[in-house]
Amino acid sequence: MSALSVESPTNEERVFECLKEDREFCFNARGIATQLGMSESDVRKAARCLRLSGRISHCRGLFTEDGEVAGSGWCVKGGGS
């Protein structure tokens, strides 16, 4: 009996897709974790892999739209493919 198996996306794929949704902004670990239902630790691990592969950038000194300090986060780099 052969069943179609659909692999679930990796944490790296999930984080990258989340960041691709809105390229104008950077997102911190807490925001990504909340949106994806992942732990902040897993988000950081996935983001590190994505950053080392050159797909995302780490940004420091982020601010919210209201001008409040938001710490650091990640955004899609370049074309985002």
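The rules behind each value
Residues numbered from 1 in each chain as written. Predicted model: local features only at pLDDT ≥ 70, side-chain atom pairs only at ≥ 80, totals over all residues. Heavy atoms only, no water. pLDDT = per-residue confidence, 0-100. Helix = DSSP H or I, 4+ residues; strand = E, 2+ residues; numbered from the N terminus. Expected span 1.5 Å × (residues − 1). Buried < 20%, exposed > 50% of the residue type's maximum accessible area, 1.4 Å probe, protein only. Arc of directions from axis to C-beta. Contact = heavy atoms within 4.5 Å.

### A word on the confidence of the model for the chain
Interpretation of the predicted coordinates at a detailed level should be avoided for regions scoring low in pLDDT.
Stage number 1. Mean pLDDT over the chain: 89, with 90% of residues reaching 70 or higher.
Stage number 2. Here strand β2 (residues 69–76) stands out as the least confident element of the chain, with mean pLDDT 91; helix α3 (residues 40–52) is the most confident, with 97.

### Things to note about α3
Stage number 1. Between its first and last C-alpha, α3 extends 18 Å over 13 residues, near the 18 Å set by a 1.5 Å rise per residue.
Stage number 2. Regarding α3, the residues found buried are V43, A46, A47 and L50. Along the axis of α3, the buried residues cluster in a sector spanning 100°; they form a single face. Turned more than 90 degrees from where α3 packs its buried face, K45, R48 and L52 sit exposed.
Stage number 3. Close packing links the buried residues of α3 with α1 (11–20), α2 (29–36), β1 (56–63) and β2.
Stage number 4. Directly after α3, the chain includes G54, whose backbone phi takes a positive value near 85°.

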